[in-house]
Amino acid sequence: MSGTKYVDSEGFLYTAPVREQGNIYKPNNKMMADELSEKAVHDVHTKEIDLVNRDPKHLNDDVVKIDFEDVIAEPEGTHSFDGIWKASFTTFTVTKYWFYRLLSAIFGIPMALIWGIYFAILSFLHIWAVVPCIRSYLIEIQCISRVYSICIHTFCDPMFEAIGKMFSSIRATVRKEI
């Protein structure tokens, strides 16, 4: 290990250890530098947000795409005045649009906070409790499965082989008498 020397704020001389192959931020060897330049490092907290397509995974395609025609429809032979129909359409559309924006402005950030906390807790429990419990259970049950397998092969296999040999000598024939 070798390192560069630096002086801290109190005047003490320190050496910063550097691994022989470099570290992930400043690789010493060319091969590691090339690997890092090929990989695009993305930070999930600073990624670009698409402001046009806000549902790229189409989570709400079948649920909330409600238009005026999906809620209010006049059958043939029963029509209101054209002006009333246009005003109703405009009122419905504008009200839905602005009321959604108002609710989003009031409750969007608190709900995002609540869902962020919920999924953080869920992730924490899954990573630190559920998976380790399942892994430890599988390790512990492996011993029992070996003992169970030995018992089955010791006691049941000979019995089933004997029963199989007994029934293998049975021949059945079907005759049709006229």
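See above for the structure.
In this text, all values refer to a predicted model and were calculated from it rather than measured experimentally.

Secondary structure summary: the chain contains three helices and two strands in total. Tracing the chain from N to C terminus, the helices and strands come up as β-β-α-α-α. Across the chain, contacts joining residues at least 24 apart in sequence account for 8% of those joining residues at least 6 apart. Approximately 17200 Å² of the chain is accessible, and the part contributed by carbon and sulfur atoms is 66%.

Spanning 87 residues, helix α3 (residues 82–168) covers only 86 Å between terminal C-alpha atoms, well under the ideal 129 Å at 1.5 Å per step. Of all the bends in α3, the largest measures some 50 degrees and sits at F107, one to four residues before the proline P110.

Moving on to the packing of aromatic side chains. Scanning the entire structure with this criterion turns up seven aromatic pairs. Centroid distance F68 to W85: 4.9 Å. Interplanar angle 65 degrees. Geometry classified as edge-to-face. Residue F68 is found in helix α2 (residues 68–71), and its partner W85 is found in helix α3; the two are separated by 17 residues along the sequence. F68 sits in the buried class, given a relative accessible area of 2%. Residue W85 is classed as partly exposed on the basis of its relative accessible area of 28%. A ring pair is formed by Y97 and W98, whose centres lie 5.3 Å apart and whose planes are at 85 degrees; its orientation type is edge-to-face. Of the residues examined, Y97 reaches a relative accessible area of 41% and is grouped as partly exposed. The rings of F68, W85, F89 and F92 are connected pair by pair, giving a single aromatic cluster. Taking NZ or CZ as reference, R101 lies 5.4 Å from the ring centre of W98, over its face.

Another aspect to go through is a nonpolar patch on the surface. Taken together, F99, L102, L103, I106, F107, M111, I114, W115, Y118, F119 and L122 make up a surface patch of nonpolar side chains, about 1100 Å² in accessible area. Among the structural elements, F107 can be located in helix α3.

Here we take up unusual backbone geometry. In terms of backbone geometry, most residues other than glycine have negative phi values and most peptide bonds are trans. The phi dihedral of H58 falls on the positive side, at around 55 degrees, and the residue is not glycine. The topology assignment puts H58 in the loop between α1 (30–38) and α2.

Conventions we followed
- Residues numbered from 1 in each chain as written.
- Predicted model: local features only at pLDDT ≥ 70, side-chain atom pairs only at ≥ 80, totals over all residues.
- Heavy atoms only, no water.
- Helix = DSSP H or I, 4+ residues; strand = E, 2+ residues; numbered from the N terminus.
- Contact = heavy atoms within 4.5 Å.
- Areas by Shrake-Rupley, 256 points an atom, 1.4 Å probe, with all protein chains shown as cover.
- Expected span 1.5 Å × (residues − 1).
- Bend = angle between axes of the 7 residues up to and from the residue.
- Phe/Tyr/Trp six-rings, centres within 6.5 Å; stacked < 30°, edge-to-face > 60°.
- Buried < 20%, exposed > 50% of the residue type's maximum accessible area, 1.4 Å probe, protein only.
- Lys NZ or Arg CZ within 6 Å of the ring centre and 35° of its normal.
- Patch = residues over 30% accessible without salt bridge, like charges linked within 9 Å, V, L, I, M, F, W, Y side chains within 5 Å.
- Salt bridge = Lys/Arg side-chain N within 4 Å of Asp/Glu carboxyl O.

These values are about where atoms sit, not about what they do.
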